[in-house]
Every structure is written in structure tokens, then in C-alpha cells.
Amino acid sequence: MENSTTNDVRGVTNAPNTVADDVMEVAKKMHWVTSSIFGTIFVIVGIVGNILSVLIWSRKSMRTSTGVYLIAQALSDMGLLFFFFITDSLTMLVPSVKTSYAFGVFFSYIGYPIFFLFVVYSIWMTVGVTVDRYIQVCWFTKAKEMCSNKRAVVGIGIIAFLCFLINTPHFKTYHPIPASDREPDDAAFDLTEFGMTEGSKRYEFWVHCMFLVLVPWLTIFILNMLIISRVVRANRGMSKRKSIQGQEKAKKAENQMTRLLLTVTFVFLILIALQCVTQCFFMMQPEIADMRIVNEAFSVAKLGIVINSSINFFLYCLSARKFRKELFKVLGLRRGDREESFSSSTASTTLSTAKFKMSFKA
């Protein structure tokens, strides 16, 4: 029974004008839409948002160890978005570019490996931010020593070095193909001997799927739960010494912290998990699956990574009042600190003058 089912599925997969071919056409259209239209939109919005994030986190009032990590994350996200556009969106918008030998060289040695390098950078910078926040909340007595800007730069350097080492096999996955060795309409790049080996498949599954998604997400989730628990205990300990109004404010702050941390964690999970599942499925290559469809689905799922790298700016705006305040200053929508201090000084002077006149009249 099992063998007959497998044979039937294979027959459907290989036969022309079948349901599998119809599904393949839908998958190709979804790939084109997600890469050329939605992908391009998210790339533009994400790069602009990340540039603003770098400008704001670089301001003097925002220069903390957390800000240093968030600057590194924004730079990683910009690199990810740029290389996604060059290696994926551009090939959908202008298919003929794939036949260029120059693009084949770029894709094989720069575009493909660097894109995945920025993917790993971006995800593990999120882990770095979470660890930094955990130390500041749960180990606050040691936070001043452990969470300095210099230590943050060292931590970023270590993360970048380890991620580069992990990503090294991607530089040997593809190779360019000269025009004399292929048909005119064929792509100017193809898998290397290493890229077609079982070792490469195992690397993609065990290293990238596990190291890229499972370990970072579990780390972020566990640390966020510990942060939330610490905040809850701290607020309960202070509740006896607070007024009713103070307790309400503490509860609102606690709920906001809980929502923010869980949102960041589960947005990361949802957007990255689909890519991981399809990549793992693609690497396993089960006999019952049409790998053409799985390949297109994997390309569609990469949009989750792009969205994850595009929305951090908006999460900052929604959750951080100080970030919004600095954003307004950068955009010239609010007066600077000097103007605010001048106006407050003028107001206090006017108030003092009024009090003097009232006392004089009395």
C-alpha cells in the first residue's frame, strides 16, 4: 500500500499538465509577486527605517550598550535587504540578468554567501540585544560594569567573527559558468561539487536550520521570560509602598513590557520559522514531494526574513517613547533640548516675576 501510494505521487509529480504542474505555476507566480513586488517594497521601507534607526541610536542621549547592539542590528538588516534585492528581487524583475557571466560571478562569490551571512548576523544581533537587556534588568548591580559600550563592541565583534566562520561553506556552494559551457538562456551559475554533496545538505539542515532559528529563538524566549518574571516580582515588592495611582502605573508598565517582549519574540518566531521549515524540507528532499514546488516555496518563505529586517523601526516607534521623541528631533518636528530648556527657563522667570508682582501688590 505504501509503495503504490509513493509511485502514484511520483507519477503525478513527473507527468505533464497535471495537478502538480498547476501547483508549480501558482508557486512560481507567488515567488514572482513576493520577490519583485512585496520584496521591493519591504526593501525600500526597511532600508529607510534602518537608516533612521542608526541615526537615532547614534545620538548622544541614546548611546548605551543596547543602542550599540541595535545599531549593529540595523546595519545587518540593511545589508540583508540590499543583497536580497540584488540576488532575488532583481532576478525576478529582470530575468535576463541571471544569464550574465558577471552576475554569475557576483552571485556565486558575493551575493549568495553574503546574503546568508547578513541573515545570521541579524538574528544573532537580536540575541545580543536580548542578553544585554537581561543583564540590565536581572543583574542590575553588575550592569554598569558588564554593559558598557566597549564591551558591547567586543560582543558584536565576537558574534560577527563566529557567524562568518559558520557561514564559510556558503562561499563554496555555487560557481559561475562561462557562456561557452551553457545554453544562452541558462543561468550563469550552478552548484559546485560541494554544493551537490550530502555534506552540504547536512550543513544546511543541522547548522543553518538549528543554529539559525532554534537556538536563537529558545535563547530569546527564555531570557524574555526571565526578564518578565523579574519585572513582575519587582513591581509586587514595591506595591505595598505605592499609592493606588502608583500601582496602576506599575501595572500598565508591567503589561506593556510583557506585550512588547512577547511580541518581539513571537514576531521573530513566525517570520523566521516558515523559512526554516521550507529550507529543512528542501534539504531533506522527501520522495513524495515535488522539489520544484518546494524550491519555489522556499523562495517565497524568504520574504519572512525580509519583513523581520524591515519592521524593527516601527516596533521601536510603537514601544519606545524616547525613541519617538528623538525621531521627532531628527526630522525637525520638535524643538531641540536647548530650545526646550530656554522655553522652560523663560516660563520659570515669568512665573517668578508674576509672584513678585502679586506679593508687591499685597
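Residue numbers here run from 1 along each chain, matching the order of that chain's written sequence. Residue-level local features of this predicted model are given only where pLDDT is at least 70; pairs of side-chain atoms are given and counted only at 80 or more, and the full residue set underlies all totals for whole chains, interfaces and linings. The side-chain values count all of the structure's non-hydrogen atoms but skip hydrogen atoms and water molecules.

**Observations regarding the confidence of the model for the protein**
Step number 1: Taken residue by residue, the protein gives an average pLDDT of 76. The fraction at 70 or more is 67%.
Step number 2: Per residue, pLDDT measures the predictor's confidence, with a range of 0 to 100. Helix and strand definitions follow DSSP, with helices as H or I runs of at least four residues and strands as E runs of at least two, each counted in order from the N terminus. By mean pLDDT, the top-scoring element of the protein is strand β1 (residues 174-176) (95), and the lowest-scoring one is helix α1 (residues 2-14) (38).
Step number 3: Overall, residues 1-17 carries pLDDT values under 50, and its contacts beyond four positions in sequence, including any with other chains, amount to 10 contacts.
Step number 4: Working rule for contacts: check all heavy atoms of both residues, and any pair within 4.5 Å makes them a contact. Taken together, the stretch residues 336-362 has pLDDT below 50 and engages in 6 contacts with residues farther than four places along the chain or on a different chain.

**Remarks on the environment of I177**
Step number 1: Mapped onto the secondary structure, I177 falls in the loop between β1 and β2 (189-191).
Step number 2: On a C-alpha basis, the gap between I177 and L191 in space is 9.9 Å, while along the polypeptide they are 14 residues apart.
Step number 3: The contacts of I177, once residues within four sequence positions are left out, are Y101, R182, A187, A188, F189 and D190.

**Description of the environment of V207**
Step number 1: As for its placement among the helices and strands, V207 is situated in helix α7 (residues 198-239).
Step number 2: C-alpha of V207 to C-alpha of N167: the two residues are 40 residues apart in sequence and 9.2 Å apart in space.
Step number 3: Once residues lying within four places of it in the same chain are set aside, the contact partners of V207 are I166, R202 and L212.

**Digging into the pattern of salt bridges**
Step number 1: Should a side-chain nitrogen of Lys or Arg be within 4 Å of a carboxyl oxygen of Asp or Glu, the pair is scored as a salt bridge. Applying the stated criterion across every chain, the model contains 2 salt bridges.
Step number 2: The salt bridge involving E326 is made with R59; its shortest N-O contact spans 2.5 Å. A residue pair is termed long-range when its members are at least 10 positions apart, and E326 in helix α12 (residues 321-330) and R59 in the loop between α2 (19-57) and α3 (65-93) qualify at 267 residues.
Step number 3: Of the charged contacts, one joins K329 and E326 as a salt bridge, the two residues approaching to 3.8 Å between their closest N and O atoms. Of this pair, K329 and E326 both sit in helix α12, 3 residues apart, which is roughly one turn of that helix.
Step number 4: For every residue, the accessible area obtained with a 1.4 Å probe (protein chains only) is divided by the maximum for its type, and the residue is called buried under 20%, exposed over 50%, and partly exposed between those limits. Owing to a relative accessible area of 13%, K329 belongs among the buried residues under this scheme.
Step number 5: A single network of salt bridges, built from pairs that share partners, joins R59, E326 and K329.

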